[in-house]
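Chains, contacts and geometry: an overview
Residues per chain are reported as follows:
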Amino acid sequence: AERAHILILNPEESMIYARLSQSSARTQINNNYQALSDQDLPISVIDFVKRTQETVVLENPIENGQFCQDPYIIHALPKAILATPILYQRKLIAI
């Protein structure tokens, strides 16, 4: 994977966002989820995982009918996407 992202939910329903890039080998933290654009992450995939608490694994996501219209997928043309819920005591705490 070239990049990894984590969205950590806190009790106030806001998120802390961290990104790790293979090219820079450093972590960037942004504590304002609303500041992220749909060019940064596949928001439709994140919303699906948040709503259903199901893991999403997409190979060649531009060909996946459910998420192919996501602006990030159209723009970045990722080869694959993995989004998984992280649960603690059956409560979603991160994606």
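Whatever comes next refers back to the structure up there.
So, a few notes on the structure that sits alongside this text. (Residues numbered from 1 in each chain as written. Predicted model: local features only at pLDDT ≥ 70, side-chain atom pairs only at ≥ 80, totals over all residues. Heavy atoms only, no water.)

1. Looking at the pairing of strand 7 (residues 91-94)
Bridge count between strand 6 (residues 86-88) and strand 7: 3 bridges; the pairing is antiparallel. In the strand pairing of strand 7, leucine 87 is matched with leucine 92. In this structure, the hairpin formed by strand 6 and strand 7 is closed by a connection of 2 residues, where glutamine 89 is found at a positive phi of approximately 50°. (Pairing = 2+ DSSP bridges. Helix = DSSP H or I, 4+ residues; strand = E, 2+ residues; numbered from the N terminus.)

2. A short note on the packing of aromatic side chains
Within the structure shown, the criterion is met by 1 aromatic pair. Judged by centre distance (5.7 Å) and plane angle (80°), the rings of phenylalanine 48 and phenylalanine 67 are edge-to-face. Here the residue phenylalanine 48 occupies a position in helix 1 (residues 43-52), and phenylalanine 67 occupies one in the loop between strand 4 (56-59) and helix 2 (71-76), the gap between them amounting to 19 residues. Grouping residues by exposure puts phenylalanine 48 and phenylalanine 67 together as buried. (Phe/Tyr/Trp six-rings, centres within 6.5 Å; stacked < 30°, edge-to-face > 60°. Buried < 20%, exposed > 50% of the residue type's maximum accessible area, 1.4 Å probe, protein only.)

3. Observations concerning helix 1
Regarding helix 1, the residues found buried are Val45, Ile46, Phe48 and Val49. Viewed end-on, helix 1 has its buried residues packed into an arc of 160°, placing them on one side of the element. Looking at the buried residues of helix 1, the elements they touch are strand 1 (3-9), strand 4, helix 2 and strand 5 (80-83). Following helix 1 by one or two positions, glutamine 53 adopts a phi angle in the positive range, close to 55°. (Arc of directions from axis to C-beta. Contact = heavy atoms within 4.5 Å.)

4. Structural notes on the environment of proline 71
Examined against the element boundaries, proline 71 turns out to sit in helix 2. Separated by 28 residues in the primary sequence, proline 71 and isoleucine 43 place their C-alpha atoms 8.4 Å from one another. Among all residues touching proline 71, those that are not within four sequence positions of it are Asp38 and Gln39.

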